[in-house]
Amino acid sequence: MRITPLDIPGAAILETDRRGDERGSFARWFCADELAALLGGSHVCQVNHSFTQEQGSIRGLHFQYPPAAEKKVIRCLSGAVFDVVVDLRASSPTFLQWRSVELSAKNDRALLLPEGCAHGFQTLAEATQLLYLHTALYTPSLEGGLRYNDPRLNIAWPLPPAQLSARDQQHPLLTEDFRGIEP
Ligand SMILES: Cc1cn([C@H]2C[C@H](O)[C@@H](COP(=O)(O)OP(=O)(O)O[C@H]3O[C@H](C)C(=O)[C@H](O)[C@H]3O)O2)c(=O)[nH]c1=O
């Protein structure tokens, strides 16, 4: 597994060599041993899947507050996404900065995010599917969200937003006194 750190501490792009033969191909998508340094003792406890029909749809940006803060591994199974991570850790040198990575079924990449980061994406194709590995259980009472068009983040989404859930349209904007979350 090739691990390429992002300049957001604890975030990394994961790439694996897909092994082809006359039958087709095989790839390892996750290995707790190879990712031990990034996982830091966390274990995957929930696996989720989302399907998004329309190109240009935005989901997120979501995170969970401690003690349900979670690491995530996100992989695209079909289609493609402009995947975004926002660092919400006040102690981080990249506090309130965002980075994006294109994930697609074709590039076979995954993104690993540390606790204390928000995640969202915009689909770059129709019929896009994402697979999520989570290291904390879904805890609605501890879920937080950022508005996709928050001026304090100024995320450069590549396409006009096609579809957002009512909830995602109503996340609160970051206030000047936002102190971040410390996982
Ligand atoms: C996350 C989650 C959601 N749900 C239920 C709650 C809603 O009734 C329905 C859809 O949830 P939501 O609108 O939060 O789905 P997305 O907008 O795709 O959110 C996800 O996509 C963003 C980009 C992420 O990074 C999160 O992992 C995840 O929140 O599934 C569950 O039952 N279990 C779960 O673990």
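For the chain, an unreviewed UniProt entry supplies the name dTDP-4-dehydrorhamnose 3,5-epimerase and the organism Silvimonas amylolytica. Annotation of the chain in UniProt includes, under Catalytic activity (unreviewed entry), the sentence "dTDP-4-dehydro-6-deoxy-alpha-D-glucose = dTDP-4-dehydro-beta-L-rhamnose". As recorded by UniProt, the Function (unreviewed entry) comment attached to the chain reads in full: "Catalyzes the epimerization of the C3' and C5'positions of dTDP-6-deoxy-D-xylo-4-hexulose, forming dTDP-6-deoxy-L-lyxo-4-hexulose."

### A look at the pairing of strand β1 (residues 2–5)
A regular strand carries its side chains on alternate faces of the sheet. When β1 meets strand β2 (residues 12–15), the two strands line up antiparallel, connected through four bridges. If you follow isoleucine 3 over to β2, its bridge partner there is leucine 14. As consecutive antiparallel partners, β1 and β2 are separated by six residues, and within that stretch glycine 10 has a phi angle of approximately 90°, a positive value.

### Some points on the nonpolar core
One finds Leu61, Val86, Leu88, Leu146, Ile155 and Trp157 to be the most contacted residues of the largest nonpolar core, which totals 18 residues. Mapped onto this core, the elements with two or more residues apiece are β6 (58–64) and β8 (80–87). Excluding anything up to four places from it in sequence, leucine 146 contacts Gly60, Leu61, Phe63, Val86, Leu88, Ala118, Leu153, His171 and Leu174.

### Considerations on the pairing of strand β7 (residues 72–78)
By the criterion of burial, β7 is predominantly enclosed, with six of the seven residues buried. One ladder, built from six bridges, connects β7 with strand β12 (residues 128–134); its direction is antiparallel. Within β12, the position partnered with cysteine 76 by the bridge is leucine 130.

### Thoughts on the pattern of salt bridges
Applying the stated criterion across every chain yields a total of ten salt bridges. A salt bridge links aspartate 108 to arginine 18; the shortest N-O distance between them is 2.6 Å. Of this pair, aspartate 108 sits in the loop between β9 (98–104) and β10 (109–113) while arginine 18 sits in the loop between β2 and β3 (19–21); the two residues are 90 residues apart in sequence, bridging distant segments of the chain. Through salt bridges with shared partners, a single ionic network connects Arg18, Arg75 and Asp108.

### Quick word on the sheet that holds β9
Ordered in space as β9-β8-β11-β6-β13, the five strands form an open sheet in which the pairing is antiparallel. Of all strands in the sheet, those bounded by a partner on one side alone are β9 and β13 (143–145). The average undirected angle you get between the axes of adjacent strands in this sheet is 25°. Note: β6 against β13, three bridges, orientation antiparallel. Bridge pairing in β13 links histidine 62 to glycine 145.

### Let's talk about the sheet that holds strand β5 (residues 46–52)
With antiparallel pairing, the six strands of this open sheet are ordered in space as β1-β2-β10-β7-β12-β5. Edge positions in the sheet fall to β1 and β5, since each has one partner strand and no second. Within the sheet, the average angular offset between the axes of one strand and its neighbour, ignoring direction, is 25°.

### Quick look at the state of the cysteines
Per the counting criterion, the structure on display carries zero disulfides. The thiol of cysteine 31 is not disulfide-bonded; the next cysteine sulfur, from cysteine 45, is found 18 Å away. Cysteine 45 provides the cysteine sulfur closest to cysteine 117, a residue in no disulfide bond, and the two sulfurs are 17 Å apart. Judged by relative accessible area, cysteine 117 falls into the buried class, the value being 6%.

Definitions and cut-offs
Residues numbered from 1 in each chain as written. Predicted model: local features only at pLDDT ≥ 70, side-chain atom pairs only at ≥ 80, totals over all residues. Heavy atoms only, no water. UniProt positions renumbered as here; feature names shortened; annotations may be inferred. Pairing = 2+ DSSP bridges. Helix = DSSP H or I, 4+ residues; strand = E, 2+ residues; numbered from the N terminus. Core = buried A, V, L, I, M, F, W, Y, C linked by side-chain atoms within 4.5 Å. Buried < 20%, exposed > 50% of the residue type's maximum accessible area, 1.4 Å probe, protein only. Contact = heavy atoms within 4.5 Å. Salt bridge = Lys/Arg side-chain N within 4 Å of Asp/Glu carboxyl O. Axes fitted to C-alpha atoms, helices over the stretch in contact; angles between N-to-C directions. Disulfide = S-S within 2.5 Å.

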